[in-house]
Amino acid sequence: MFEYLICDLDETLYPRRTGLMEAIGRRIHAYMTDRLGFTPDAAVAFRQRSLAQYGTALRGLQVEHAVDAEDYLAFVHAVPLENYLAPAPALDAMLGRIPLRKAILTNADAHHAQRVLERLGVAHHFPIVVDIHAVRFHCKPSLEAYRHVLDTLKTPGPACILVEDMARNLRPARDSFGMTTVLVTDDGADKPAGVDHVIADLAQLEALVDSINRA
């Protein structure tokens, strides 16, 4: 019996095409070049390596360059959300119909998460936000991130459905903790390892959860 729907935040609760993460990516790049002295090419290479090795650019910068996380997070998330996101009444209604408790698990910080949730008009569905601070910067796909969210929710992995836009963040949740995993992607690729279900649009989540609950 499922108890929790755990959702990633960025490019999961809203489509990639909004351009919000591209805007944040540009600010990450600017932070690295303007404040840390990376060349543009070195910044791109470091971000790619950090994503693969640490899960986020921030974690790589903390480990290898002792970056102040608060300064970094404030800078990169200083984006006018109204330029990218609009209230999403259909999403709000759908979340209200899914009969599971809901939480956010994000590699961003709680301040950014709350701004996004409020802008979309769905914050009231997510009383629990497990952010990068809560997991002590052991971000997804680190096992510590999933262990912490389950400890916070006081529920076992098999009682949870995890929804993500990145397959690499789903496999550890399924393989190590028994969560049911849902990938949101419209790329048409075959279902990756570690993914139980694939949907092309978050609007399909309600029907999927209903079918999972009836299985």
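Everything below is about the structure printed above this text.
We now turn to the structure provided with this report. (Residues numbered from 1 in each chain as written. Predicted model: local features only at pLDDT ≥ 70, side-chain atom pairs only at ≥ 80, totals over all residues. Heavy atoms only, no water.)

1. Here's the deal with the environment of glutamate 64
Tracing the sequence through the fold places glutamate 64 in helix α3 (residues 57-65). In this structure the C-alpha to C-alpha distance between glutamate 64 and alanine 173, which are 109 residues apart in sequence, comes to 27 Å. Residue contacts for glutamate 64: discarding those within four places in its chain leaves Phe46, Arg49, Gln53 and Tyr54. Reaching out from glutamate 64, the side chain makes a polar contact with the side chain of tyrosine 54 at a distance of 2.8 Å. (Helix = DSSP H or I, 4+ residues; strand = E, 2+ residues; numbered from the N terminus. Contact = heavy atoms within 4.5 Å. Polar contact = N/O pair within 3.5 Å; in protein donor to acceptor, adjacent residues only side chain to side chain.)

2. As for the sheet that holds strand β1 (residues 4-7)
Across the sheet, six strands lie side by side as β3-β2-β1-β4-β5-β6; this open sheet has parallel pairing. The open sheet is flanked by β3 (128-130) and β6 (197-199), the only strands paired with a single partner. The average angle at which neighbouring strand axes cross in this sheet is 25 degrees, direction not considered. Pairing of strand β5 (residues 180-184) with β6 involves three bridges; the strand directions are parallel. Across the sheet, the residue bridging to leucine 183 is valine 198, located in β6. Relative to the sheet, helix α9 (residues 205-214) contacts β1, β4 (160-164), β5 and β6, its axis offset from that of β6 by approximately 160 degrees. (Pairing = 2+ DSSP bridges. Axes fitted to C-alpha atoms, helices over the stretch in contact; angles between N-to-C directions.)

3. Considerations on α3
Those residues of α3 that fall on the buried side of the exposure criterion are Ala57, Leu58, Gly60, Leu61 and Gln62. The secondary structure elements touched by the buried residues of α3 are α1 (20-35), α2 (40-53) and α4 (69-76). In the segment just after α3, alanine 66 is the residue with positive phi, at about 50 degrees. (Buried < 20%, exposed > 50% of the residue type's maximum accessible area, 1.4 Å probe, protein only.)

4. With respect to the pattern of salt bridges
With the rule as written, the count across this model stands at twelve salt bridges. Among the salt bridges present, the one from aspartate 71 reaches arginine 35, with a minimum N-O distance of 2.9 Å. Here the residue aspartate 71 occupies a position in helix α4, and arginine 35 occupies one in helix α1, the gap between them amounting to 36 residues. Of the residues examined, aspartate 71 reaches a relative accessible area of 31% and is grouped as partly exposed. Residue classification places arginine 35 among the partly exposed positions, given a relative accessible area of 46%. Across the pair arginine 171 and aspartate 175 runs a salt bridge whose closest N-O atoms are separated by 3.1 Å. A residue pair is termed a helical-turn pair when its members lie 3 or 4 positions apart in one helix, as arginine 171 and aspartate 175 do in helix α8 (residues 171-177) at four residues. (Salt bridge = Lys/Arg side-chain N within 4 Å of Asp/Glu carboxyl O.)

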